[in-house]
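Chain by chain, the residues run as shown.
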Amino acid sequence: QVQLVESGGGLVEPGGSLSLSCTGSGSTFSGMVMSWYRQAPGKQRELVASLTSGTNSHYLNSVKGRFTVSRDDAKNTLYLQMSALQPEDTAIYYCRFTGGGYDYWGQGSQVTVSL
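Cut-offs and rules
- Sequence order sets the numbering: in each chain, residues are counted from 1 along the sequence as written.
- Given that the model is predicted, a residue must reach a pLDDT of at least 70 before its local features are reported, and side-chain atom pairs must reach 80 or more before they are shown or counted; all residues, however, enter totals for whole chains, interfaces and linings.
- In computing side-chain values, all of the structure's heavy atoms are included and hydrogens and water are not.
- The helix count covers DSSP runs of H or I at least four residues long, the strand count covers runs of E at least two residues long, and both are numbered beginning at the N terminus.
- Accessibility here uses a 1.4 Å probe with only protein chains present; expressed as a share of the type maximum, an area under 20% marks a residue as buried, one over 50% as exposed, and anything in between as partly exposed.
- In this description, contact between two residues means that some pair of their heavy atoms is separated by no more than 4.5 Å.
- A pair of strands is labelled paired if DSSP reports no fewer than 2 bridges between them.
- Whenever a helix is involved, its axis is fitted only over the stretch in contact; in every case the axis is a line through C-alpha atoms, and angles between N-to-C directions fall within 0 to 180 degrees.

Comments concerning the overall build of the protein chain
Counting secondary structure elements, the protein chain contains zero helices and 11 strands. Shown N-terminal to C-terminal, the secondary structure of the protein chain runs as helices and strands in the order β-β-β-β-β-β-β-β-β-β-β. Counting only C-alpha atoms and orienting by the principal axes, one finds that the protein chain spans roughly 40 × 25 × 25 Å. The 115 residues of the protein chain split such that 40% are buried. Taking contacts inside the protein chain between residues at least 6 apart in sequence as the whole, the part at least 24 apart equals 52%.

Spelled out as structure tokens, the structure:
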């Protein structure tokens, strides 16, 4: 079965940095759009950043300049580098690979920004 496995979540203090990764297995993911979403308690899931196979990127306005999305297609891996983290960034972060009628999600990774 296709799996997207996330790693790198955790607790960080405001102003700190954290990096997430998402590695796919069980399929070919080249050509797919790879994205990061997040969902805070009681809130709707929102798109944080996305990256096409052509490296065109999109960012949620509130994370622009602080987060960087990248991908390594040879490793089927998506990354999210986060800096200047704030409590408002606290959420479960999910990766998503989509395209060609397929839609795969990671298991979620908790990011908590707190003193």
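From this point on, the discussion continues.
So, unusual backbone geometry
Glycine aside, a negative phi is what most residues show, and trans is what most peptide bonds show. Unusually for a residue other than glycine, T55 sits at a positive phi of about 70°. Its location among the elements puts T55 in the loop between β5 (46-51) and β6 (57-59). A positive phi angle, close to 50°, is found at A84, a residue other than glycine.

Concerning the sheet that holds strand β7 (residues 67-72)
The strand order across the open sheet built from four strands is β1-β3-β8-β7, with neighbouring strands paired in antiparallel fashion. Single-partner strands in this sheet number two, and they are β1 (3-7) and β7. Going from strand to strand, the sheet's axes swing by 15° on average, the running direction of each strand aside. Pairing of strand β3 (residues 18-25) with strand β8 (residues 77-82), which is carried by six bridges, proceeds in the antiparallel orientation. Looking across to β8, one finds that S21 is bridged to Y79.

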